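Results of the structural survey
Spelled out from the first residue to the last, the chains are:
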Amino acid sequence: MALSSIRKGKESPTMALTFLLMLLLGHLSNMASASRTRMGGSACLKVSPSEFVGAVREVIHLLGDVTSILSKFSGGFGNFRLANAILDCVDLLDMSSDELNWSVSATQNPKGKHNSTGNVGSDLRTWLSAVLANPETCLDGFEGTNSIVKGLVSTGLGQVTSLVKNLLAKVDVPHHDVSHSAGEDRFPSWVKPGDRKLLQANGVAADAVVAADGTGKFASVMDAIIAAPDYSMKRFVIYVKRGVYNENVEIKKKKWNIMMIGDGIGATVITGNRSVVDGWTTFRSATFAVSGRGFIARDITFQNTAGPEKHQAVALRSDSDLSVFFRCGILGYQDTLYTHTMRQFFRECTISGTVDFIFGDATAVFQKCNILVRKGLQNQKNTVTAHGRKDPNEPTGFSLQFCNVTADSDLVSFVNTTESFLGRPWKMYSRTIFMQNYISDVIRPQGWLEWNGNFALDTLYYAEYMNTGAGAGVANRVKWSGYHVLNGSNEASNFTVAQFIEGNLWLPSTGVAFTAGLMV
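Definitions and limits used
- Residues numbered from 1 in each chain as written.
- Predicted model: local features only at pLDDT ≥ 70, side-chain atom pairs only at ≥ 80, totals over all residues.
- Heavy atoms only, no water.
- Helix = DSSP H or I, 4+ residues; strand = E, 2+ residues; numbered from the N terminus.
- Buried < 20%, exposed > 50% of the residue type's maximum accessible area, 1.4 Å probe, protein only.
- Areas by Shrake-Rupley, 256 points an atom, 1.4 Å probe, with all protein chains shown as cover.
- Pairing = 2+ DSSP bridges.
- Axes fitted to C-alpha atoms, helices over the stretch in contact; angles between N-to-C directions.
- Contact = heavy atoms within 4.5 Å.
- Phe/Tyr/Trp six-rings, centres within 6.5 Å; stacked < 30°, edge-to-face > 60°.
- Lys NZ or Arg CZ within 6 Å of the ring centre and 35° of its normal.
- Salt bridge = Lys/Arg side-chain N within 4 Å of Asp/Glu carboxyl O.
- Parallel < 35°, antiparallel > 145°, perpendicular 65-115°, else oblique.
- Left-handed = near helix turned anticlockwise from the far one by under 90°.
- Nonpolar A, V, L, I, M, F, W, Y, C, P; charged D, E, K, R; others polar.
- Disulfide = S-S within 2.5 Å.
- UniProt positions renumbered as here; feature names shortened; annotations may be inferred.

Bringing the overall build of the protein chain into the picture now. Within the protein chain one finds nine helices and 26 strands. When the 520 residues of the protein chain are sorted by exposure, 60% land in the buried category. By element, 51% of the accessible surface of the protein chain is carried by carbon and sulfur atoms, the whole surface being about 19,600 Å².

This is how it looks when you write it as structure tokens:
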């Protein structure tokens, strides 16, 4: 029976959902078996392109079926939190469909204009990893809702996850170009020459000007974003004049290549206070959220002022592939920076928070950033990172290089009585490396914290290389099998800009200064 033929009557929501669940389970089973028969070999693939594309298209169809069911309950039965969770899922599955369509396009036309880096293998692994992350984020949003909708969604998305893991395993690990790995103060090569000039220029000709005092064309940031063209291959520059902009901003997936320039950290401030305690999902709590690919921000502060007592409260969330944040402030408490998916680069940013304040499943590099650990709730333990890699075939992880990890002003007097750590494993294959940073005594000697008992301690990958400072000593670090002290440059170089985020292929065009390799 077609879903559209379900009659509207006096059935209870539970009966209707149960019926839909039965339909969905049958369809998922058929789709899964079909996909398993279509896998089969080529350049960056372990199977033929046609077989790979066929399997991807099956997942796209499956996502469409799940979305059509979810959309029937968009009101969340009048429950604000549930409605937000459903909205998250619809948006996340929509992004997944786009990412899968990019994968089809790149496989069929490796030199197509929409490909990100020119390295198809790297692109495919990045995009499929995002598709893998999205269903779990969808499910996370239902925590505390006690709704049958979660059961319906988890069944379908479990099938999606299984199929995408299978697809991810069919993509070869790409060869990295390390020919420029020693360059200092360069931008990764996915940053185009024109963008490089824009990022380094003092005066920029803007396509749109936002001013809180009324001297620009737009009074709000969101209005300027709405005016930007969709799917633009040309850079669209928005200048946001100094001022405080109290608004929640979302740059949707169709807004490509937006560049936002402010007047400096603390001068141009975009602020909000959404939190999980107040009924928002973590995903939806972001003051500033960007999904459109190729986003660049310079000289802006993004903050969430909800405070530690409101728990998860995101200042900045990014799903923007090949995005750059240069000289930006990202300020909050718990879950400040949600690097949700894709390849991201942060340079000379100030990032503050308490619990898991840099988290997500992106492939992200942080260079020359100030990482400030703040004072949270009483007896609360601070963790700088919580990476969310779920599968060993994902290329994702966090790399922090040339950063300063110190206590923020409100924590300085409480360093001895507050436990702070470099990170903890949010998901099974959590991956984070700290290399060539200054780490103060804010970090406890053991360095890292468990998530829950022995969870992920053998499967995670945490590493440290050539850090300095009172908190950088490794003699008393954790003894987990997944933790490593790197003594040579060979392994550490895998987490540099050039190799980890294919930086030499895209960052130079943005104009953001970067170090491609290890500082000699």
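The strand order across the open sheet formed by eleven strands is E1-E2-E5-E8-E11-E14-E17-E20-E23-E25-E26, and the pairing between neighbours is parallel. Two strands close off the open sheet at either side, each with one partner strand: strand E1 (208–210) and strand E26 (483–485). Going across the sheet, the axis of each strand differs from the next one's by a mean of 10°, ignoring polarity. Most of the contacts of helix H6 (residues 193–200) go to strand E8 (residues 296–298), to which it runs at about 20°, and overall it touches strand E2 (236–240), strand E5 (258–261), E8 and strand E11 (323–326).

Scanning all chains against the criterion turns up 21 aromatic pairs. Here the aromatic rings of Phe434 and Trp448 are separated by 5.8 Å at their centres, their planes lie at 75°, and the arrangement is edge-to-face. Placement of the pair is Phe434 in strand E23 (residues 431–435) and Trp448 in the loop between strand E24 (438–439) and strand E25 (461–465), with a sequence separation of 14 residues. One exposure class covers both Phe434 and Trp448, and it is buried. Every member of this aromatic cluster is reached through a ring pair, and the members are Phe288, Phe295, Phe302, Phe325, Phe346, Phe366 and Phe398. The ring of Tyr333 has Arg374 lying over it, and the distance from NZ or CZ to the ring centre is 4.1 Å. A cation over an aromatic ring shows up here: Lys375 above the ring of Phe414, its NZ or CZ 4.8 Å from the ring centre.

Our focus in this paragraph is the pattern of salt bridges. Within this structure, the stated rule accounts for 21 salt bridges. A salt bridge links Arg284 to Asp88, with the shortest nitrogen-to-oxygen separation between them at 2.9 Å. Here Asp88 lies in helix H3 (residues 80–108) and Arg284 lies in the loop between strand E6 (268–272) and strand E7 (288–290), a separation of 196 residues in the sequence. For Arg284, a relative accessible area of 9% gives the class buried. Here Asp88 falls in the buried class, since its relative accessible area comes to 0%. Lys390 is the partner of Asp361 in a salt bridge, and the nearest nitrogen-oxygen pair spans 3.5 Å.

Glancing now at the sheet that holds strand E18 (residues 370–373). Ordered in space as E3-E6-E9-E12-E15-E18-E21-E24, the eight strands form an open sheet in which the pairing is parallel. Strands at the two margins of the open sheet, each flanked by one partner only, are strand E3 (243–246) and E24.

A separate point is the packing of helix H4 (residues 120–140) against helix H5 (residues 148–168). Where H4 meets H5, the axes come as close as 9 Å, and the angle between the chain directions of the two elements is 165°. As the angle between them shows, H4 and H5 are arranged roughly antiparallel. In this structure, the crossing between H4 and H5 has a hand that is left-handed. On the side of H4, the interface is formed by Arg125, Leu128, Ser129, Val131, Leu132, Pro135, Cys138 and Leu139, while H5 contributes Lys150, Val153, Ser154, Leu157, Val160, Thr161, Val164, Lys165, Leu167 and Leu168. Its residues assigned to classes, the contact of H4 with H5 comprises twelve nonpolar, three polar and three charged.

You can see Phe359 is positioned in strand E16 (residues 358–360). Separated by 39 residues in the primary sequence, Phe359 and Phe398 place their C-alpha atoms 8.9 Å from one another. Those residues in contact with Phe359 that sit more than four places away from it in its chain are Thr282, Val314, Asp335, Leu337, Tyr338, Thr339, Ala386, Phe398 and Trp426.

The next point concerns the state of the cysteines. Counted according to the given criterion, the structure contains one disulfide. The disulfide that involves Cys89 links it to Cys138, with 1.9 Å between the sulfurs. Since a negative S-S torsion denotes a left-handed disulfide, the Cys89-Cys138 link at about 90° is right-handed. Here Cys138 lies in helix H4 and Cys89 lies in helix H3, a separation of 49 residues in the sequence. Cys89 gets classed as buried once you look at its relative accessible area, which sits at 0%. Here Cys138 falls in the buried class, since its relative accessible area comes to 0%. This cysteine, Cys328, is not joined by any disulfide, and Cys349 carries the nearest cysteine sulfur, 4.9 Å off. Considering cysteine sulfurs only, Cys369 is the nearest to Cys403, which forms no disulfide, with 4.6 Å between them.

For a regular strand, side chains alternate in direction, first toward one face of the sheet and then toward the other. Along strand E9 (residues 301–304), one buried face is formed by Thr301 and Gln303 and the opposite face, lined by Phe302 and Asn304, is buried too. Two strands pair when backbone bridges link them, and E6 and E9 are joined in this way by four bridges, in the parallel orientation. Its bridge partner lying in E9, Val269 is registered against Thr301. Two strands pair when backbone bridges link them, and E9 and strand E12 (residues 329–331) are joined in this way by three bridges, in the parallel orientation. Along E12, the bridge assignment pairs Phe302 with Ile330.

The positions that UniProt labels "active site" (unreviewed entry) are, in the present scheme, Asp356. Inspection of the secondary structure puts Asp356 in the loop between strand E15 (350–353) and E16. If near-sequence neighbours (up to four positions away) are discounted, Asp356 is found in contact with Asp335, Thr383, Val384, Thr385, Ala386, Arg424 and Trp451.

So, on to the pairing of E23. Of all five residues in E23, five are buried, a share of seventy percent or more. Here E23 shows no split at all, with Arg431, Ile433 and Met435 on one side and Thr432 and Phe434 on the other all buried. As defined by bridge partners, strand E20 (residues 397–401) adjoins E23 across four bridges and the pair is classed as parallel. Bridged to Ser399 within E23 is Ile433. Sheet topology note: the E23/E25 ladder contains five bridges and is parallel. Residue pairing for E25: Ile433 is matched across the bridge by Ala463.

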